[in-house]
2 protein chains.
Amino acid sequence: MRSLLLVAAAATLVGAAPAKNLPTPTDIVAKAPASAWKTISPDDLLVMDLANGGRVVIQLAPAFAPVHVANIQALARSNYWNGASVYRVQDNYVAQWGNNDSDKPWPSGVVANPPAEYTQPLKGLAITPLGSPDAYAPAVGFSDGWPIAYAPKAGWADLAHCYGSVGVGRDLSPDTGTGGELYAVIGQAPRQLDRNIALVGRVIDGIDRLSALPRGTADLGFYKDKAQNVPIASIRLASAMPAAERPAYEYMDTAGPTFARYLHVRANRHDAFYIRPAGGVDLCNVQVPVRKKA
Amino acid sequence: MRSLLLVAAAATLVGAAPAKNLPTPTDIVAKAPASAWKTISPDDLLVMDLANGGRVVIQLAPAFAPVHVANIQALARSNYWNGASVYRVQDNYVAQWGNNDSDKPWPSGVVANPPAEYTQPLKGLAITPLGSPDAYAPAVGFSDGWPIAYAPKAGWADLAHCYGSVGVGRDLSPDTGTGGELYAVIGQAPRQLDRNIALVGRVIDGIDRLSALPRGTADLGFYKDKAQNVPIASIRLASAMPAAERPAYEYMDTAGPTFARYLHVRANRHDAFYIRPAGGVDLCNVQVPVRKKA
């Protein structure tokens, strides 16, 4: 039937006038002042170019997994992933890439057996609480732009597995992975992995280059035929790219008043489409706004 | 590096021996007795065949949205969707299909303006509580195989939006949609839609035929060029298919002891990969087991 029948968008349709004149999450992001944004260091931007022309940009989180992130930076600087591929895409779970089938040695500077950087002390972290209950941890919220879970009494904090989160593939414990094999979450937040594996960042641009890939049909979503692997042309740090080609991004300061308003409306959707605001929101449904820097 | 570095699977690798000899969710499903399963009526199986050969099977939920589901059954019986298409795929949100751009009239038997079947009385529903906190509702759990949210004091219950959930596209309220335009969730559970739109079922087979489609680049994930629309050959009820071609499925009885064990291990992953079981689980990470009937 001819009509724009739709499900209200995660991001509200730009230009659609809300019936009740109340701001949407999109409105708040669009009108955020310059002071609401923090620039991502070009050393923390990992730029993955697929051989088919698609680009995936990842923000690294050195404050949460310093040894694993330093490994990834060293691997990128040594062109470790040139000729690598995405070899596993499991529906509603992860896309995974690297040099899984090669004997490529670790370049110098890579720590072959990093410590288990799965949690860190809560003390010293500035946190904006989510304000809604969580099924996996005593508390959840945001710290310097990242979604985190934490335990006020036990004193730990950790990065939370949300859509787009990037982590380090590993074998059974005590192996923690080195950083050569990475995965990105492409489905419902697999929060059961929190505190069990090292998260090192998140996809901030081009996640659909991974989430829309054909699913692998072998066990665990590996491609059955290696000819199905999706070739990677290169994975570089933005800081190693020629200045003219270097992409730049900024994220919303999660300690500031603009993010507080954004969080409030995410938990209380009252724009025209919504009849009943939930009065609560899941940690992973409050994606921290990230945008390309002009 | 040559090694099967991986992220533990949502379903544990078949054949991998757990170090601690504790059952995984997959083990419990594999060993479930015949009495743990309930057959889905062929009137509640909606079989969508894409023109490219892919098949998506949907289980309808007549107990939760009877008028909308009756509409969908009438539309299927009248071949309303022959020549329809998937015209919207928004990353981490929904895939949507129907006859959005046609003037196709409603076949007889279709209620053009159904009531807002967004919630129902809690009274009379048999519920297995999840046992973990929820950000969107006072309580969550399972009723006759479906993930639901509910309010013990206020007395309402509703189907919850999880990965694979199928709902009815609508315009602004009081429009509730008719059933001709449907969407399936292909990302993080958009629970903010609960109680704001009619859910009518879930994809039980072939969700990757929708989730791996290219994302639309127009606003809200609509395909910019209609040539990108993904043609649908037919959408039929299994009950209307020739007996020899008719697929059959069964789901796990969520009121039984096997599901109780499955739910417990989903919230307490202690198979070999996991170091720290979470002790809790999100409603949408406990996918009710569904399988093809032999």
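Residues numbered from 1 in each chain as written. Chains lettered and ligands numbered in written order. Predicted model: local features only at pLDDT ≥ 70, side-chain atom pairs only at ≥ 80, totals over all residues. Heavy atoms only, no water.

A. Layout of the state of the cysteines. All names here are of chain A. For the structure shown, the criterion picks out 2 disulfides over all chains. Note on cysteine connectivity: C162 is disulfide-linked to C284, with sulfurs 2.0 Å apart. With the S-S bond torsion at -70°, the cross-link from C162 to C284 turns out left-handed. Remark: C284 occurs in the loop between α4 (257-267) and β16 (290-292) and C162 occurs in the loop between β10 (156-159) and β11 (165-168); sequence separation between them is 122 residues. (Disulfide = S-S within 2.5 Å. Helix = DSSP H or I, 4+ residues; strand = E, 2+ residues; numbered from the N terminus.)

B. Fine view of the confidence of the model for chain A. Per-residue pLDDT for chain A averages 93, and the proportion of residues at 70 or more is 94%. Considering only residues more than four positions removed or in separate chains, one finds that residues 10-19 of chain A, a stretch of pLDDT under 50, has 15 contacts. (pLDDT = per-residue confidence, 0-100. Contact = heavy atoms within 4.5 Å.)

C. Fine view of the relation of the copies chain B and chain A. In screw terms, the move from chain B to chain A is a rotation of 180° and a rise of 0.0 Å along the axis, fitting with an RMSD of 0.0 Å. The operation mapping one copy onto its partner corresponds to a two-fold rotation axis. Interface residue correspondence from chain B to chain A reaches 100%, placing this contact among same-surface, isologous pairings. (Least-squares fit on C-alpha atoms with pLDDT ≥ 70 in both.)

D. Highlighting the sheet that holds strand β5 (residues 94-98) of chain A. Residues and elements named next belong to chain A. The 8 strands are arranged β2-β3-β13-β11-β12-β5-β4-β14 in a closed barrel whose pairing can be described as antiparallel. Strand-to-strand twist in this sheet, taken as the mean axis angle between neighbours without regard to direction, amounts to 35°. One ladder, built from 5 bridges, connects strand β2 (residues 45-50) with strand β3 (residues 55-60); its direction is antiparallel. When the bridges of β3 are listed, L45 appears paired with Q59. Along the sheet, helix α2 (residues 66-77) makes contact with β2, β3, β11, β12 (182-185), β13 (199-205) and β14 (230-237), crossing β14 at roughly 105°. (Pairing = 2+ DSSP bridges. Axes fitted to C-alpha atoms, helices over the stretch in contact; angles between N-to-C directions.)

E. Local environment of the environment of A:V111. Residue and element names in this part refer to chain A. Topologically, V111 is positioned in the loop between β5 and β6 (120-121). With a relative accessible area of 37%, V111 lands in the partly exposed category. C-alpha of V111 to C-alpha of T176: the two residues are 65 residues apart in sequence and 11 Å apart in space. What V111 contacts, discounting residues up to four positions off in sequence, is V67, N71 and T178. (Buried < 20%, exposed > 50% of the residue type's maximum accessible area, 1.4 Å probe, protein only.)

F. Local environment of the pattern of salt bridges. According to the stated counting rule, one finds 18 salt bridges over all chains in the structure shown. Several salt bridges converge on common partners, so that one network encompasses A:D49, A:R55 and A:R236. (Salt bridge = Lys/Arg side-chain N within 4 Å of Asp/Glu carboxyl O.)

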